[in-house]
Amino acid sequence: MSPTIDGGTQAILVLEDGRTFHGEAFGAIGETIGEIVFATGMTGYQETITDPSYQRQIVVQTAPHIGNTGWNDTDMESRQIWVAGYVVRDPARVPSSWRSQGTLEDALREAGVVSISGIDTRALTRHLRERGSMRAGISSITSNRDVLLERVVEAPTMAGADLTSEVTTPEAYVVPADGEKRFTVAAIDLGIKGMTPRRLAERGVEVHVLPATSTIDDILAVEPDGVFMSNGPGDPAATDHPVELLQEVLDRRIPYFGICFGNQIFGRALGLGTYKLKYGHRGINQPVMDLTTRKVEITSQNHGFAVDAPLEGTFDTPYGPGHVTHVGLNDDVVEGIALLDRPAFSVQYHPEAASGPHDAAYLFDRFVDLLATAPEPEPEPEPEIVTEAGHDAEAPAAESTEAEGASIDAGAVASDDGWPERVPAAQDDPTLPDPYQVSPAPDGPDEGGPDAGGPAPVEPEARAAELYRDDHRFVPAHDDELAAVWDEPQDLDDLSDLDDLPEAETSRFDVSADEADADDVPELDQPTSDEEPMPAPPGWLGDYLTEEPEAPPFDRPPSERQDTDRASDEERPAPPTAPPPSAAPPPRVSFDRPTPTTDEEA
């Protein structure tokens, strides 16, 4: 057992390279080993340590004062605390929030999370920035540095670790839509946070959260309008099943949206590589530029790996051209990618960010717009029935066209790399821009222009009108009915023709109470007893679903935000009355802090 210091138990922190810090035990007494990383958020520590993406990681909080708002059951992002260890400098002695239901240390102790406090987290963070993230160990049961260091270097590294099976939900559940249901989304839980399905539910989306081991049949069984892949821990290069699953989703042209780990899985599904960052991005103050709008947003991030893709131009994928949509402004890391010919995009950060910031919440609106405008997913191809003679027994032979010694089915178009591309419907206007294409269309013989047999170039005016951007939201600008309203605004003052309109038929529900007959009232469709109810979300998510969602501030124009966010003069409380001059000043409050006695301790 470690000796005690000032009534507390001594603890040590040993890094893989031998750097050692001495402090005081915080949370559970014991020993833990993991990859040590630092998080720069000044708030939201409860959301941080309940994020499944921190599985097998020791988190260092760079903010010096942690725990001042205590602990509550509402701010849980998942069913438990996931960090392998926790490092803070100055933990709060007493919580000072009306929402607190306990202390941070009690929560760590109850969860069995070994932690350490009272060390120089600034020096530790600078060391990790220079040397990179590495393995480390915390122990409050031994003070032998060499013994702990030996255990640290024997521990597995984060590179090559597939951890999705350790954090995913054991069974599927459903988060119902708030209000009227508009769409259904299958969310693959790679380590999902509770705020993510809530953000979708606020927009009328019914979310079916499925385990990471789900198959394409499990996804199709819920008849989704789109598929979502969440954040999660581990090395994307070692996680293969979600990649194969996403490729089947993309083959069917089902709209896709991924965040964080889902962005890395998307990159792998497109044939891109991933790599490990030196010390990663973790915190709520990471600047990112949306290259489609040239706007900068402050984002919440938690990742140690990134997608390797070119920042400029497009890149080839099995599903058509792709391009980078977001880039980190600190180090030019790829923060978002999208396909040009299919409804699929992803970002490397957390747009749900329960503790803030909320700059990137528009991405959920972009996903909902994608669900509303995406074409119908392609049906699964029927298996070919082959007889002993080697011919199809039922289906007639497809017409084919010979081209350079190869044949393709009639009705399909082969791209330059041999992958089939979607054939526009007969009613589609080929001169209109693709609603998913943001980058300029090919326009030249070297890039598939008309001289090379490709589509006709799109005029600049049509390209400029491709998307109407309003507060980060993409609205197709070539909708015929909508264009008619925009081009020919109606004069609402001229109502003289309303009398000539035919009288509408009386609804069968438009009767008085005296005329109503109970036998004539139609019965609403009720589920039969044979139907199985949708699985309810887990208990830790209940607080999210019972709370009244707050209207996001970006739904109001900037000119109205300041006035509506302020209380009126009548509602604003009166300022406190100044004490009379003769009153004695209040006594100064002093905190008993140990004074360093040596330069080394200081």
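Each chain has its residues counted from 1, following the order in which its sequence is written. Local features in a predicted model are, by the rule used here, given only for residues with pLDDT of at least 70; side-chain atom pairs are given and counted only at 80 or more, and totals for whole chains, interfaces and linings are based on all residues. Derived side-chain values reflect all non-hydrogen atoms in the structure, with water molecules and hydrogen atoms excluded from consideration.

Novice: Would you mind going over the nonpolar core in detail, with residue names and values included?
Specialist: Only buried residues count toward a nonpolar core. Its members are Ala, Val, Leu, Ile, Met, Phe, Trp, Tyr and Cys residues joined through side-chain atoms within 4.5 Å. Buried means the residue's accessible area, taken with a 1.4 Å probe over protein chains only, is under 20% of the maximum for its type, while exposed means over 50%, and partly exposed covers the values in between. In this structure, Leu246 and Phe266 are the most contacted members of the largest nonpolar core, which totals 32 residues. Counting residues per element, the ones that place at least two in this core are β12 (183-189), α7 (216-221), β14 (226-229), α8 (241-251), α9 (261-269) and β20 (334-339). Counting from the N terminus, the helices are DSSP H or I runs at least four residues long and the strands are E runs at least two residues long. Here this core gets five residues from one element, more than from any other, and that element is α8. The next biggest cluster of nonpolar side chains, apart from the first, holds 28 residues, and it includes Ile192, Val347, Tyr362 and Phe367.

Novice: So what's going on with the packing of aromatic side chains? Residues and values would help.
Specialist: Centres within 6.5 Å are what make two rings of Phe, Tyr or Trp a pair, Trp counting through its six-membered ring; a difference in plane orientation under 30 degrees is then read as stacked, over 60 as edge-to-face, and the rest as tilted. As enumerated under the stated definition, the model contains six aromatic pairs in all. Where phenylalanine 257 meets phenylalanine 345, the ring centres are 4.7 Å apart and the plane angle is 20 degrees; that geometry is what we call stacked. Of the two residues, phenylalanine 257 is situated in strand β15 (residues 256-259) and phenylalanine 345 in strand β21 (residues 344-347); the sequence distance between them amounts to 88 residues. Grouping residues by exposure puts phenylalanine 257 and phenylalanine 345 together as buried.

Novice: Explain the environment of asparagine 68 to me, and be specific about the residues and the numbers.
Specialist: Its place among the elements puts asparagine 68 in the loop between β6 (65-66) and β7 (85-87). Note: C-alpha distance between asparagine 68 and serine 96 (28 residues apart in sequence) is 5.8 Å. Residues are treated as being in contact if the distance between any of their heavy atoms lies within 4.5 Å. In contact with asparagine 68, not counting residues within four places along its chain, are Tyr45, Ala92, Pro95, Ser96 and Ser97.

Novice: Go over a negative patch on the surface with me, naming the residues and quoting the values.
Specialist: Exposure above 30% relative accessible area and no salt bridge define the residues that can form patches, which grow by joining like charges within 9 Å and nonpolar side chains of Val, Leu, Ile, Met, Phe, Trp and Tyr within 5 Å. Areas reported here follow the Shrake-Rupley algorithm with a probe of radius 1.4 Å; residue values treat only the protein chains shown as occluding. Here, a salt bridge means any side-chain nitrogen of Lys or Arg that lies within 4 Å of a carboxyl oxygen of Asp or Glu. Only four residue types enter the charge count: Lys and Arg as positive, Asp and Glu as negative, with His and the chain ends excluded. Each charge is placed at NZ for Lys, CZ for Arg, CG for Asp and CD for Glu. Together, Asp217, Asp218, Glu244, Glu248 and Asp251 make up a region of like negative charge exposed at the surface. Contributing elements (two or more residues each) for the negative patch: α7 and α8. With three residues, α8 is the largest single contributor of residues to the negative patch. Using a relative accessible area of 37% as the deciding quantity, one classes aspartate 218 as partly exposed.

Novice: Tell me about a positive patch on the surface, and name the residues and values.
Specialist: Taken together, the side chains of Arg122, Arg126, Arg129 and Lys278 define a basic patch exposed on the protein surface. Tallying contributions element by element places helix α3 (residues 121-131) first for the positive patch, with three residues. Judged by its relative accessible area of 47%, arginine 126 is partly exposed.

Novice: Any details on helix α4 (residues 145-154)? Residues and values, ideally.
Specialist: Burial in α4 covers these residues: Leu148, Leu149 and Val152. Looking down the long axis of α4, one finds its buried residues gathered within 100 degrees of arc, a one-sided arrangement. In this description, the arc belongs to the directions extending from the helix axis to the C-beta atoms.

Novice: Tell me about helix α2 (residues 104-111), and please be specific about residues and values.
Specialist: All buried positions along α2 are accounted for by Leu104, Ala107 and Leu108. Each buried residue of α2 lies within a common arc of 95 degrees when the element is viewed along its axis, so the set occupies one face. Along its buried surface, α2 packs onto β3 (20-27), α1 (45-49), β6, β7 and β9 (114-117).

As far as function goes, none of this settles anything; it's purely spatial.
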